[in-house]
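# Notes for the structure review
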Amino acid sequence: MSALRMQFLTIATIVFVGILLTGLSRVHWFLYVPVAVFLFAGLTGICPGLLLWKKLGFK
């Protein structure tokens, strides 16, 4: 597993722990989006955010 994939998994874990400490019912649903994206990127190696920015013309 690459360091970048481990970084994605670590960030997803930290954000999810913050959600748990705040309370699952008190957190806005939008906070689950980065967790899902980071988990997807960490497990598959495909980063949706990176693909989006590349399609918009950034390198």
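See the structure shown above.
Report follows, based on the coordinates. (Residues numbered from 1 in each chain as written. Predicted model: local features only at pLDDT ≥ 70, side-chain atom pairs only at ≥ 80, totals over all residues. Heavy atoms only, no water.)

### Remarks on the packing of aromatic side chains
We apply this condition: Centres within 6.5 Å make a pair out of two Phe, Tyr or Trp rings, where for Trp the six-membered ring is used; the pair is then stacked when the planes are under 30 degrees apart, edge-to-face when over 60, and tilted otherwise. Labels follow the DSSP assignment, with helices taken as runs of H or I lasting at least four residues and strands as runs of E lasting at least two, numbered in each case from the N terminus. Partly exposed residues are those whose accessible area sits between 20% and 50% of the maximum for their type, while under 20% is buried and over 50% is exposed, using a 1.4 Å probe and protein chains only.
Enumeration over the complete set of coordinates arrives at three aromatic pairs. Considering the side-chain rings of F8 and F38, the 5.9 Å spacing of their centres and the 25° angle between planes classify their relative orientation as stacked. Of this pair, F8 sits in helix α1 (residues 3–22) while F38 sits in helix α2 (residues 32–44), and the two are 30 residues apart along the sequence. By relative accessible area, which is 12% here, F8 ends up buried. For the ring pair W53 and F58, a centre distance of 5.5 Å and an interplane angle of 80° mean the geometry is edge-to-face. Among the residues examined, F58 registers a relative accessible area of 53% and is labelled exposed.

### A closer look at α2
Heads up, the rule is: Given the number of residues in a helix, its expected span is that number minus one, multiplied by 1.5 Å. The criterion used for residue contact is that any of the two residues' heavy atoms lie within 4.5 Å.
Between its first and last C-alpha atoms α2 spans 18 Å; for 13 residues at 1.5 Å apiece the expected length is 18 Å, and the two agree. Looking at the buried residues of α2, the elements they touch are α1 and α3 (48–55). Just downstream of α2 lies G45, where phi reads positive at about 85°.

### Regarding the packing of α1 against α2
For the record, the criterion: To define axes, lines are fitted to C-alpha atoms, for helices over the stretch in contact only, and angles between the resulting N-to-C directions are given on a 0 to 180 degree scale. An angle below 35 degrees is read as roughly parallel, one above 145 as roughly antiparallel, one from 65 to 115 as roughly perpendicular, and any other as oblique. What makes a crossing left-handed is the near helix being turned counterclockwise from the far one by less than a right angle; a clockwise turn instead makes it right-handed. Classes in brief: Ala, Val, Leu, Ile, Met, Phe, Trp, Tyr, Cys and Pro nonpolar; Asp, Glu, Lys and Arg charged; the others, Gly included, polar.
Direction vectors running N to C along α1 and α2 enclose 150°, while the axes themselves pass 8 Å from each other. Compared by their axis directions, α1 and α2 come out roughly antiparallel. Taken as a pair, α1 and α2 cross one another with a handedness that is left-handed. Side by side, α1 and α2 meet where R5, F8, L9, I11, A12, V15, F16 and I19 of the first sit next to Y32, V35, F38, L39, A41, G42, L43 and T44 of the second. Classifying every residue of the contact of α1 with α2 gives 13 nonpolar, two polar and one charged.

Take it as geometry only, folks, not as evidence of what the structure does.
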